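# Coordinate inspection notes
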Amino acid sequence: PPGTPLEISYGDYPVPIGLGQTVSQPYIVAYMIDLLDLPEESPARVLEVGTGSGYETAILARMGVRVVSVEILPELSARALRALSGLGLEERVALIAADGYNGWSPAAPYDGIVVSAAPPGLPPELPRQLRDGRRLVIPVGSWHQEILVVTMVDGDHIEVRRDLPVRFVPLTKSRGAP
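Here the structure is a predicted model, which is why all the values come from computation and not from measurement.

### Side note on the nonpolar core
- Counting 23 residues, the largest nonpolar core has Met-32, Val-46 and Leu-60 as its most contacted members.
- Broken down by secondary-structure element, the contributors of at least two residues to this core are α1 (26-36), α2 (55-62) and β8 (145-153).
- When residues in this core are grouped by element, the largest group, 6 residues, is from α1.
- Among all residues touching Val-46, those that are not within four sequence positions of it are Leu-36, Leu-38, Leu-60, Val-65, Arg-66, Val-67, Val-68, Tyr-110, Gly-112 and Val-114.

Okay, structure coming up:
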């Protein structure tokens with residue numbers, strides 16, 4: 001956020017970005033992107049739930065990935081768009097200010113889905129938006145959280161692998177959303 005000392009951005013720890021949100025430590029961002037195991041053929045299309053500052057969005061876009069990023073807080077989405085535009089990445093990214101708790105089905109299927117906040121359990125709609133053999137990487141849990149790697153198999157079956165214990169802000173949804 002404005003007024004944050006620049007040297008803060010060089011640490012490997014979460015950093016507040018305003019509105020009660022944080023950007024994850026760079027190691028975790030890189031780790032989760034690696035867990036996606038994106039296909040080498042270009043361009044892969046990834047759904048990011050929780051744009052936040054746009055940090056992870058920018059990394060994916062610089063990797064040549066087409067990113068559909070959904071952020072529930074319009075202020076953060078607008079700030080991320082300005083940052084991504086300043087980097088010349090706006091053509092590789094579709095930023096959507098909306099509730100992404102259940103993903104973003106209009107642009108599905110995706111080659112990967114990465115979620116940057118933790119729901120208490122796995123939202124069932126998210127894996128259904130993956131291409132066959134592709135992965136969803138999501139932190140899950142309330143107090144005790146862990147990264148889940150969810151792989152879509154044969155279009156209707158998922159395999160779930162528990163990975164690393166983590167601590168993320170809660171994934172929120174709009175009032176009245178299922």
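### Some points on the sheet that holds strand β6 (residues 110-115)
- Spatially, β5-β4-β3-β6-β7-β8-β9 is the arrangement adopted by the 7 strands of the open sheet, whose pairing is mixed. Of all the strands in the sheet, just β5 (93-97) and β9 (157-166) have a single pairing partner and so form its edges. Neighbour to neighbour, the strand axes of the sheet diverge by 15° on average, direction disregarded.
- As defined by bridge partners, β8 adjoins β9 across 8 bridges and the pair is classed as antiparallel. If you follow Glu-146 over to β9, its bridge partner there is Pro-165.
- Contacts from α1 reach β3 (45-49), β6, β7 (130-140), β8 and β9, with the element oriented near 155° to β7.

### Some thoughts on α1
- Those residues of α1 not exposed but buried are Ile-28, Val-29, Met-32, Ile-33, Leu-35 and Leu-36. The buried residues of α1 occupy one face: seen down the axis, they fall within an arc of 160°.
- The inward-facing, buried residues of α1 contact β3, α2, β6, β7, β8 and β9.
- After α1 finishes, the residue Asp-37 shows a positive phi value of roughly 50°.

### Describing the pairing of β5
- Here 5 bridges tie strand β4 (residues 66-71) to β5, and the two strands are oriented parallel to one another. Note on β5: the bridge partner recorded for Glu-71 is Ala-97.
- Crossover β4 to β5 through helix α3 (residues 74-86) is right-handed.

### Regarding the side chain of Asp-111
- Its location among the elements puts Asp-111 in strand β6.
- The exposure class assigned to Asp-111 is buried, which follows from its relative accessible area of 10%.
- Residue contacts for Asp-111: discarding those within four places in its chain leaves Leu-38, Pro-39, Pro-43, Ala-44, Arg-45, Arg-131, Arg-134 and Arg-135.

### Re the packing of aromatic side chains
- Applying the stated criterion across every chain, the model contains 1 aromatic pair.
- The cationic tip of Lys-173 hangs over the ring face of Tyr-101; the distance from NZ or CZ to the ring centre is 4.5 Å.

### A look at the packing of α1 against α2
- In the contact formed by α1 and α2, the axes pass within 11 Å of each other and the chain directions differ by 45°. Classified by the angle their axes make, α1 and α2 are oblique. Handedness of the crossing formed by α1 with α2: right-handed. Between α1 and α2, the contacting residues are Pro-26, Val-29 and Ile-33 on the first element and Tyr-55, Glu-56, Ile-59 and Leu-60 on the second.

### Concerning unusual backbone geometry
- The omega torsion across Ala-108 and Pro-109 is 5°, close enough to zero to call that bond cis.
- Topologically, Pro-109 is positioned in the loop between β5 and β6.
- Positive phi values are uncommon outside glycine, yet Asp-37 reaches one of about 50°.

Quick notes on the rules
Residues numbered from 1 in each chain as written. Predicted model: local features only at pLDDT ≥ 70, side-chain atom pairs only at ≥ 80, totals over all residues. Heavy atoms only, no water. Core = buried A, V, L, I, M, F, W, Y, C linked by side-chain atoms within 4.5 Å. Buried < 20%, exposed > 50% of the residue type's maximum accessible area, 1.4 Å probe, protein only. Helix = DSSP H or I, 4+ residues; strand = E, 2+ residues; numbered from the N terminus. Contact = heavy atoms within 4.5 Å. Pairing = 2+ DSSP bridges. Axes fitted to C-alpha atoms, helices over the stretch in contact; angles between N-to-C directions. Arc of directions from axis to C-beta. Right-handed = clockwise from strand over helix to strand, strands pointing away. Phe/Tyr/Trp six-rings, centres within 6.5 Å; stacked < 30°, edge-to-face > 60°. Lys NZ or Arg CZ within 6 Å of the ring centre and 35° of its normal. Parallel < 35°, antiparallel > 145°, perpendicular 65-115°, else oblique. Left-handed = near helix turned anticlockwise from the far one by under 90°.

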